[in-house]
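Topology and contacts: notes
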Amino acid sequence: MESHPFRLIRNIGRTSEIVTVLLNHGFSDLVDRIGLRSVWYRSRQIFSRKPHEPARHVKMVERIRVALESLGPTYIKFGQVMSTRPDLVPQEMLKELKKLQERVPPFPSREAVERLETELGAPVSELFANFDETPLAAGSLGQVHRAVHFDGTPLAVKIRRPGAVRNVERDLALMYEIAVLIDRNIAEARIFDPVGLVNHFARSIRRELNFAREGRTMDEFRRLFRQDATLYVPTVYWDLTTEAVLTMEYIDGLRIDELPQQAELFRVPAVPGSTTDVPAAIRIDPAQVAANGARIFMKQAFEFGVFHGDPHPGNIRIKRDGTICLLDYGMIGMLDEKTREQLIDLLVAISRQNVDAAVKLVLLIGEAYTEIDRVLLQVDMRDFIANYYGIPLERMNVGRLLSDFVGILANHGIRCPGSLMLLIRSLVTLEGIGRELDPDFNLATHLQPFVERMVRQRFQPTKIAERMLEEARKMVELAHEMPLYVNRTMKKISENDLRIQLEHRNLDHFIMEMERSSNRLVVGMVVAALIVASALILAGKVSSPWISVPMYVSSSLLAIWLVFGIFRSGRL
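Residues numbered from 1 in each chain as written. Predicted model: local features only at pLDDT ≥ 70, side-chain atom pairs only at ≥ 80, totals over all residues. Heavy atoms only, no water.

**Let's talk about the overall build of the protein**
- Across its full length, the protein holds 22 helices and 15 strands.
- Expressed as a percentage of the 572 residues in the protein, the buried residues total 41%.
- Looking at the protein alone, contacts between residues at least 24 apart form 67% of all its contacts between residues at least 6 apart.
- Just so you have it, the protein exposes about 32400 Å², and 56% of that area is on carbon and sulfur atoms. (Helix = DSSP H or I, 4+ residues; strand = E, 2+ residues; numbered from the N terminus. Buried < 20%, exposed > 50% of the residue type's maximum accessible area, 1.4 Å probe, protein only. Contact = heavy atoms within 4.5 Å. Areas by Shrake-Rupley, 256 points an atom, 1.4 Å probe, with all protein chains shown as cover.)

Here you go:
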C-alpha cells in the first residue's frame, strides 16, 4: 500500500471522527505530533464536533481499548490482532486488548435476503427448502442464518455485511496514513513498526472478507484430515457460495467449554424393540477430547504446516460421538518447512542447554529492530533455560514457557514473524482449554511425539539425500547464472553506470540537530533584519515611506509566520 496524504482530506469526515475520538480519550499529544490537529480544526467548522474532557484517572491502556471500541469494528479487529503480538505489545496492554468485544447489531433481514439473492442469482425459495430470516449470530463482517437444503441437510449461511468491504478499505487507507505519520514524526514508535503492523492487519482482515477463500481453506483441512476421524470439517456447498456468501453444513454440537458441566451430554433414541422407552445417554470423556484436540493441533502445525489461528472455545464444537469440529477458518496460520525446522532446532538446543545455539537461532528466527546486546541476551537465555531444565515433561507448563520466551524477545527488541506469534498464542489458548477439560492435561506430552518424529525424519537417509540434491541444484544454478552477473557488472563499469547505494543508520539525531541549527539561524537572521529595518524607519532615513512602511509590515508578518511555523514544528 502506498501513502497518499490526500486520503486524509478526501475522507475528512472519518478523519475528523478518528481525531475527535483520540482527543476525547486524552491523546492530544499524539494528534499534535503527527500533525492532525489542523485537520480537526477545519472539519470542526463544518461538522461542529467538539471533544469532551478525557477522564484523567483512567489508565492509558484502558483509554486505548475504549478508543478502539469507539472507532468501530475495523479498529476493534486491529486491537484483537495486536493482542496476538506479545513481542511488540506490553503485557499490561495485552490484557486490556483481550477485553475487546464486538458489539455489532445484526443488519435487517430484508437486506440479508436481498444480498443473498443478488449474490446467488435466484430467489431464496429456489435456493433453500427453508431459510430462517432471524440471524443466528452477527459480527462486524457478516452474520449467520440457518437454512435447510432440499435434501434435508441443515445449513449455516454466512452473509457479508453490506458496505463491509468499502468501510474496511476506507479505514485501512486512513489507518495506513496515520501509521506513516507516526513513523515519520514519532521516533520512539518506530520500534513497533506501525506501517508493518497495519500491512499485516490488512492482509488478515482482507482474507476474512473473502468468504470463498475461507471455504477453500475448509476444503483443504478436510483433505488433510480425511483419514483422521477425530476432526470433522463442515461441508461447503459451492453452488451456494460466493465471495460474499458462505453456505456450509450446520453443526449441532456442544461448545467445548460447556463440556465439563454436563452430566448427560446427549440423548439418543432408544433402540427399537427395547424394554425401555427412556433414551440412552452418551457420556463423552473431556480428558479424551482434550488429548484429541492437542494431537489435532500439533498435526496441523508441525506435520502439515497450516493451522487454525483462532481456536477459542466459541470456534470449537463437540459432536454427539465426541468428534471435534472447528468453525471459522478466516484466520489461518502457516509455517513453512524452514521455520518448522528452526523451531525444532531451538527446542533441541534448549533441551541440551546449548545457550550459544539457542541465541543464534533466536536471532535467525526473529528480526532485531534495535541494536542487540548479545552478552545480555546470552545471560537471559541461560537463565531461561536453567528455569526449565530438569523439570519432568509431565510437569512442564508450555504456556508459561512460551510466555517467558516471548518476554525475552520483547526485552531485547526482537520481532517475531506473525505466523510464529499466532502459533504461540494458539498453543497458550489450547493449553488453557485443555486444563479446563482435564486438570492433569499437559500440552508438552502431546508435543513431544511430533518433535521426536521430525528430528528422526531429518536424519533419515532419504531426507539427507534430498537436502544434498537441493544444495547441488542451487550450486548448479549459481554456476549457470554467474557469467550473466559478471557480464552485467562489467558492462555497467565500462559504461560508467555502476552505482553504489548506501543506507545510513542512527543518523536521525544528527539530521534533526542540523535542522534545528538551520532553523535557529533563519530565525536569528529574520530578527536581525527586522531590528535593522526598524532602526532605519525610526531614524527617518528612508525615502518614500509610503513604499517602505508597507513593505516592512508585510515582511514582518511573513517573518512572524515563518517563526510561528518553526515553533509549531517543534524543531527549534
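Still more to cover.
**Notes on helix α14 (residues 337-351)**
- A rise of 1.5 Å per residue sets the reference length of α14, with its 15 residues, at 21 Å; its end C-alpha atoms lie 21 Å apart and thus fit the reference within 8%.
- The complete set of buried residues in α14 reads Thr-339, Arg-340, Gln-342, Leu-343, Ile-344, Leu-346, Ala-349 and Ile-350.
- Remark: Gln-353 follows α14 within two positions and exhibits a positive phi of approximately 60°. (Expected span 1.5 Å × (residues − 1).)

**Considering a nonpolar patch on the surface**
- A cluster of nonpolar side chains, Met-475, Leu-478, Met-482, Leu-484, Tyr-485, Val-486, Met-490, Ile-493 and Leu-498, forms an exposed patch at the surface whose accessible area comes to about 860 Å².
- When you line up the elements, Leu-478 lands in helix α20 (residues 461-494). (Patch = residues over 30% accessible without salt bridge, like charges linked within 9 Å, V, L, I, M, F, W, Y side chains within 5 Å. Salt bridge = Lys/Arg side-chain N within 4 Å of Asp/Glu carboxyl O.)

**Some remarks on the packing of aromatic side chains**
- Per the counting criterion, the structure on display carries six aromatic pairs.
- If you follow Arg-146 out to its NZ or CZ, it ends over the ring of Tyr-250, 3.9 Å from the centre.
- Over the face of the ring belonging to Phe-450 we find Arg-453, whose NZ or CZ atom lies 4.9 Å from the ring centre. (Phe/Tyr/Trp six-rings, centres within 6.5 Å; stacked < 30°, edge-to-face > 60°. Lys NZ or Arg CZ within 6 Å of the ring centre and 35° of its normal.)

**Remarks on the confidence of the model for the protein**
- Of the residues in the protein, 78% have a pLDDT of 70 or more, and the chain-wide mean is 78.
- Segment residues 275-280: pLDDT under 50, and ten contacts once partners within four positions in sequence are set aside and those in other chains are kept. (pLDDT = per-residue confidence, 0-100.)

**Quick look at the packing of α14 against helix α19 (residues 443-458)**
- Relative orientation of the contacting elements α14 and α19 amounts to 110°, with a least axis distance of 10 Å. Considering their axes alone, α14 and α19 lie roughly perpendicular with respect to each other. Facing Arg-340, Glu-341, Ile-344, Asp-345, Leu-347 and Val-348 of α14, the residues of α19 in contact are Val-451, Met-454, Val-455 and Arg-458.
- When the residues that make up the contact of α14 with α19 are grouped by side-chain class, the tally is six nonpolar, no polar and four charged. (Axes fitted to C-alpha atoms, helices over the stretch in contact; angles between N-to-C directions. Parallel < 35°, antiparallel > 145°, perpendicular 65-115°, else oblique. Nonpolar A, V, L, I, M, F, W, Y, C, P; charged D, E, K, R; others polar.)

**Some remarks on the pairing of strand β3 (residues 142-148)**
- Inspection of the sheet shows strand β1 (residues 130-131) paired to β3 by two bridges, in the antiparallel sense. Residue pairing for β3: Phe-131 is matched across the bridge by Ala-147.
- Linkage of strand β2 (residues 137-138) to β3, two consecutive antiparallel strands, is achieved through a turn of three residues.
- The pairing of β3 with strand β4 (residues 154-160) spans seven bridges and is antiparallel. Among the inter-strand pairings, Val-144 is bridged to a residue of β4, identified as Lys-158.
- The loop that links β3 with its antiparallel partner β4 comprises five residues; one of these, Gly-152, has a positive phi angle of about 95°. (Pairing = 2+ DSSP bridges.)

**Here we look at the pattern of salt bridges**
- Counted under the stated rule, the structure contains 17 salt bridges.
- Notably, a salt bridge pairs Glu-114 with Arg-110, separated by 3.3 Å at the nearest N-O pair. Residue Glu-114 and its partner Arg-110 are both found in helix α8 (residues 109-120); the two are separated by four residues, about one turn of the helix.
- Among the salt bridges present, the one from Lys-158 reaches Glu-214, with a minimum N-O distance of 3.2 Å. A residue pair is termed long-range when its members are at least 10 positions apart, and Lys-158 in strand β4 and Glu-214 in helix α12 (residues 211-224) qualify at 56 residues.
- With a relative accessible area of 4%, Glu-214 lands in the buried category.
- One network of salt bridges, in which partners are shared, links Glu-62, Arg-65 and Glu-96.

**Quick word on unusual backbone geometry**
- Positive phi is not limited to glycine here, since Asp-328 has a value of about 60°.
- On the secondary structure map, Asp-328 appears in the loop between β12 (324-326) and β13 (332-334).
- According to the relative accessible area criterion, Asp-328 is partly exposed, its value standing at 30%.

**Brief notes about the sheet that holds β12**
- Within the open sheet, the four strands sit side by side as β5-β12-β11-β7. Their pairing is mixed. Looking along the sheet, the strands with just one partner apiece sit at the ends: β5 (231-232) and β7 (254-255).
- Direction of pairing for β5 relative to β12: parallel, over a ladder of two bridges. The partner of Tyr-232 across the bridge, within β12, is Cys-325.

**Comments concerning the environment of Ala-179**
- Here Ala-179 shows up in helix α10 (residues 164-185).
- Of the residues examined, Ala-179 reaches a relative accessible area of 4% and is grouped as buried.
- Sequence-wise, Ala-179 and Val-198 are 19 residues apart; in three dimensions their C-alpha atoms are separated by 7.3 Å.
- With sequence-adjacent residues up to four places away left out, Ala-179 is seen in contact with Pro-194, Val-195 and Val-198.

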